[in-house]
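Here is how the chains run, residue by residue.
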Amino acid sequence: MTARPSLAESRVGVRLALGLARTLPPRLGVRLGELLGSAYGRLAHLPQVQAVCANQWVVSGGSLSAASLRRQTRAVFRVDGRALYHFYHHLNDPAGLLALVDFDPSYEELMARCREERQGILLLGTHTANFDLAGRATALRDVPLLVLSYPQPPGGYQLQNQLRQVARAEIEPISPSALRQAVERLRSGGTVVTGIDRPIHGSNYPVQFFGRLAQLPVGHVRMALKTKAWVYLMGARYQPNGRLRVWALGPIPMRPDEDLQRETTRNAEAILAAAEEIIRPAPQQWSMFYPVWPDVQLPFSL
């Protein structure tokens, strides 16, 4: 089971979402985003919907009934519809964007450390709630960032990366040159941001995530050990009042080991264990539309 890029990841989809979000007022825009997301989540034949179902099934520990899993899947797309509206509506409205975000004291402390640029910091994220908005809000708080994004992005991702650019954030698709730039940034006391929960293919380091082996990125582990950077996780979650709470977990210690395989997997799994703490309390806010565990077979049909 593989997931193809959605309409939202195409140039047409991004421009359509951008146009709607800019013109609709918040109450209507959020409602429409949630309705469209929920409708999309009902299309069980689509690879993205199937991927979300399988991912949510694993996170639940296999405890969801067919009806509960369908509801949970629709909820994931509903949250993503809200997130897309908020992000695009406030692209050119820094004050409005920051008004949506509540920074936990743990994250305020981390941002202060990042501004000092005395210690390299690797800030890792999961695709929870409105992670794009949380990252943009961080940069708008005068935190200089180098963001490593998905490599070789299709047209829609390229456009999204252009839209994500703000004054204090550089966004680079992962490549050998971008990784060299990231290492230098960390060694000079800067902050590098990247994601850890989008699956990759052909990894030599399968890792445990929610009790199952998955092929997930591990390059951040090698980078942290190489540069002695401090490793933090950014948590983001919508609250009942509609605001986005952002907090920090860490620093997560990276432990050297003479065995490369063991060193990489153990440290990656320590980070993923912390990521589970972010995802598990509100799994419907984990917007992962690619199959993290492609071998999962549901015990019922959707």
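The structure this text deals with has already been given above.
Notes on the structure in this doc start here. Not measured: the values here are computed from a predicted model. (Residues numbered from 1 in each chain as written. Predicted model: local features only at pLDDT ≥ 70, side-chain atom pairs only at ≥ 80, totals over all residues. Heavy atoms only, no water.)

Describing the packing of aromatic side chains
Short version of the rule: Each Phe, Tyr or Trp ring, with Trp reduced to its six-membered ring, pairs with another whose centre is within 6.5 Å; inter-plane angles below 30 degrees give stacked pairs, above 60 give edge-to-face pairs, and intermediate values give tilted ones. By definition, any uninterrupted DSSP run of H or I lasting at least four residues is a helix, any uninterrupted run of E lasting at least two residues is a strand, and each is numbered from the N terminus.
By the definition in use, this model includes 11 aromatic pairs. With 5.4 Å between their ring centres and 45 degrees between their planes, Y40 and F77 make a pair best called tilted. Linking Y40 in helix 2 (residues 26–41) with F77 in helix 4 (residues 66–89), this pair joins segments that are 37 residues apart in sequence. Here W286 and W293 contribute two aromatic rings whose centre-to-centre distance is 6.3 Å and whose plane-to-plane angle is 65 degrees, an arrangement assigned as edge-to-face. Linked through ring pairs, F209, F210, W286 and W293 together constitute an aromatic cluster.

As for the side chain of E263
What counts, and what does not: Any pair of nitrogen or oxygen atoms within 3.5 Å is treated as a polar contact; in protein, a donor-acceptor pairing is required on top of that, and neighbouring residues in sequence qualify only through side-chain atoms on both sides.
Here E263 is to be found in helix 11 (residues 260–279). Among the polar contacts made by the side chain of E263, one reaches the main-chain amide nitrogen of D257 at a distance of 3.0 Å.

Some points on the sheet that holds strand 8 (residues 230–238)
Under the convention used in this document: Only strands that DSSP links by at least two bridges are regarded as paired with each other. Between N-to-C directions, angles span 0 to 180 degrees; the directions come from axes that are lines fitted to C-alpha atoms, helices contributing only their stretch in contact.
Reading across the sheet, the 7 strands line up as 1-9-8-2-5-3-4 and stay open at both edges, with mixed pairing between neighbours. At either margin of the open sheet sits one strand with a lone partner, and together these are strand 1 (101–103) and strand 4 (169–173). Taken over all neighbouring pairs, the strand axes of this sheet differ in orientation by 25 degrees on average, direction set aside. Pairing analysis gives 6 bridges linking strand 8 to strand 9 (residues 244–249), with the strands arranged antiparallel. Note on strand 9: the bridge partner recorded for L233 is L249.

Thoughts on the nonpolar core
The condition is simple: Nonpolar cores were defined as sets of buried Ala, Val, Leu, Ile, Met, Phe, Trp, Tyr and Cys residues, with membership established by side-chain atoms within 4.5 Å. To sort residues, take the accessible area from a 1.4 Å probe on protein chains only and compare it with the maximum for the residue type: under 20% means buried, over 50% means exposed, and anything in between is partly exposed. Here a residue-residue contact requires only that any non-hydrogen atoms of the pair lie within 4.5 Å.
The biggest cluster of nonpolar side chains holds 53 residues, and the ones touching the most others in it are L122, F209, L233, I271 and W293. Excluding its chain neighbours within four sequence positions, the residues that come into contact with W293 are N55, V58, F209, F210, R212, L213, A214 and W286. Of all hydrophobic cores here, the second largest spans 33 residues; its members include V79, L97, Y107 and L123.

Points about helix 11
What counts here: In a helix, the anticipated span is given by 1.5 Å times the number of residues less one.
Here helix 11 contains 20 residues, and its C-alpha end-to-end distance of 28 Å stays within 8% of the 28 Å for a straight helix at 1.5 Å per residue. Residues E263, T264, T265, N267, A268, I271, L272, A274, A275, E276, I278 and I279 constitute the buried set of helix 11. Those residues of helix 11 that are buried lie in contact with helix 3 (47–59), strand 2 (121–125), strand 6 (207–209), helix 10 (219–227), strand 8 and strand 9. At the N-terminal boundary of helix 11, the capping side chain belongs to D259, with an oxygen 3.2 Å from the backbone nitrogen of Q261.

All we've got here are geometric facts, nothing functional implied.
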